[in-house]
Amino acid sequence: MTQTMNPQQHTAHPAFQASTRLGAHLQQLLVDLTDLHLQGKQLHWNVVGKNFRDTHLVLDEVVDAAREFSDVVAERMRAIYITPDARSKTVAATTSLPDVSSEEIDTADTVDAIVAALYATAGTARRIHDDVDAEDPTSADILHTILERLEQLAWMIDSENRVANASIPRSMHK
């Protein structure tokens, strides 16, 4: 005997759907990661000066991390029924990162600029962390991975402008 299935009886329901607040938090992180990628490339193309090659190459590490993390965040958003928006007009209007120069930029200033962008992005992840964790520990785990790498990159890059035992990171002065 063949049974006919009623589609309404067998409709799948997601185990979890994000709240508006969780969606807004992840959206802000997506925007900041997208802007971090764009700023990293802008600086990569325009950096000049002492230690050019090392600075040029480390900026690609930042870009790669930001691109990978933005994809992870956007895909997590889709998995919990949030529509990500990383269109250029959205990023420009809502980023929390400080702006970078459109001109050539000295390596020391490039270091300060990318470290400021890394710390701003990490700051967003830290600011939203507790709310995200309270609602969705799985998304909070993603934040942990992002924070670990962005803060490592910031420390490593910021060290370029430091004097051993005689200075604090230049980014702390701003």
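The rules we used
- Once a new chain begins, its residue numbering starts again from 1 and follows that chain's sequence as written.
- Residues qualify for local features only when their pLDDT is at least 70, as the model is predicted, and side-chain atom pairs are given and counted only at 80 or more; totals for whole chains, interfaces and linings, by contrast, use all residues.
- The basis for every side-chain value is the complete set of heavy atoms in the structure, and neither hydrogens nor water enter the calculation.
- Each helix is a run of H or I in the DSSP string that is no shorter than four residues. Each strand is a run of E no shorter than two, and both are numbered from the N terminus.
- The quantity called the radius of gyration is restricted to C-alpha atoms. Its globule counterpart is 2.2 Å times the number of residues to the power 0.38.
- Burial classification: accessible surface area is computed with a 1.4 Å probe over protein chains only, and a residue below 20% of its type maximum counts as buried, one above 50% as exposed, and the rest as partly exposed.
- By definition, residues are in contact when any of their heavy atoms lie within 4.5 Å.
- Per-residue and other accessible areas were derived by the Shrake-Rupley procedure at a 1.4 Å probe size, with only the shown protein chains allowed to occlude residues.
- Charged residues are defined here as Lys and Arg on the positive side and Asp and Glu on the negative side; His and the ends of the chain fall outside this count.
- Working definition for charges: the position is that of NZ of Lys, CZ of Arg, CG of Asp or CD of Glu.
- Here, nonpolar core means buried Ala, Val, Leu, Ile, Met, Phe, Trp, Tyr and Cys residues that are tied together by side-chain atoms lying within 4.5 Å of each other.
- Helix axes are fitted only over the stretch in contact, all axes being lines through C-alpha atoms; the angle between N-to-C directions runs from 0 to 180 degrees.
- Convention used here: angles under 35 degrees read as roughly parallel, angles over 145 as roughly antiparallel, angles from 65 to 115 as roughly perpendicular, and any remaining angle as oblique.
- Crossing handedness follows the turn of the near helix against the far one: under a right angle anticlockwise gives a left-handed crossing, and clockwise gives a right-handed one.
- Following the grouping adopted for this structure description, the nonpolar residues are Ala, Val, Leu, Ile, Met, Phe, Trp, Tyr, Cys and Pro, the charged ones are Asp, Glu, Lys and Arg, and the polar ones are all others, Gly among them.
- We define a salt bridge as a contact between a side-chain nitrogen of Lys or Arg and a carboxyl oxygen of Asp or Glu at a distance within 4 Å.

## Comments concerning the overall build of the protein
- Helix and strand counts for the protein stand at 5 helices and 2 strands.
- Reading the secondary structure of the protein in the N-to-C direction produces α-β-α-α-β-α-α.
- Computed over its C-alpha atoms, the radius of gyration of the protein comes to 20 Å, more than 25% above the 16 Å expected for a compact globule of 174 residues.
- A principal-axis box enclosing the C-alpha atoms of the protein has dimensions of 80 × 30 × 30 Å.
- Evaluated residue by residue, the protein yields a buried proportion of 43% over its 174 residues.
- Of all intrachain contacts in the protein linking residues separated by at least 6 positions in sequence, the fraction that spans at least 24 positions is 82%.
- Element-wise, carbon and sulfur atoms account for 51% of the exposed surface of the protein, whose accessible area totals about 10200 Å².
- Each charge class in the protein can be summarised by its mean position, and for the 15 positive and 26 negative side chains these summaries are 2 Å apart.

## Quick look at the nonpolar core
- Counting residues in each nonpolar core, the largest one holds 43 residues, and the members touching the most others are Leu 29, Leu 36, Val 73, Ile 114, Leu 118, Ile 146 and Ile 157.
- Broken down by secondary-structure element, the contributors of at least two residues to this core are α1 (20-46), α2 (52-79), α4 (107-135) and α5 (137-158).
- Look past the residues within four positions of Leu 29 in its chain and what remains in contact with it is Val 73, Thr 121, Thr 124, Ala 125, Ile 128, Leu 143 and Ile 146.

## Looking at the packing of α1 against α2
- Close contact between α1 and α2 brings their axes to 8 Å; oriented N to C, the two are set at 155°. Considered as vectors, α1 and α2 are oriented roughly antiparallel to each other. For the element pair α1 and α2, the recorded crossing hand is left-handed.
- Grouping the amino acids of the contact of α1 with α2 by side-chain chemistry returns 14 nonpolar, 8 polar and 3 charged.

## Some points on the environment of Thr 107
- Relative to the assigned elements, Thr 107 resides in helix α4.
- Note: C-alpha distance between Thr 107 and Pro 84 (23 residues apart in sequence) is 34 Å.
- Apart from the residues lying within four places of it in its own chain, the contact partners of Thr 107 are Val 47, Val 48, Gly 49, Lys 50, Asn 51, Phe 52 and Thr 55.

## Looking at the pattern of salt bridges
- Taken as a whole, this structure holds 6 salt bridges when the rule is applied.
- Arg 87 is paired through a salt bridge with Asp 85; the nearest N and O atoms lie 2.8 Å apart.
- Taking relative accessible area as the criterion, Arg 87 reaches 46% and is therefore assigned partly exposed.
- The partner of Glu 151 in a salt bridge is Arg 126, with the nearest N and O atoms 2.7 Å apart. Of this pair, Glu 151 sits in helix α5 while Arg 126 is found in helix α4, placing the two residues 25 residues apart along the sequence.

## Let's talk about unusual backbone geometry
- Despite not being glycine, Asn 51 shows a phi value in the positive range, around 65°.
- Locating Asn 51 in the fold gives a position in the loop between β1 (47-48) and α2.
- The phi torsion at Tyr 81 lies on the positive side, around 65°, for a residue other than glycine.
- Within the fold, Tyr 81 resides in the loop between α2 and α3 (88-94).

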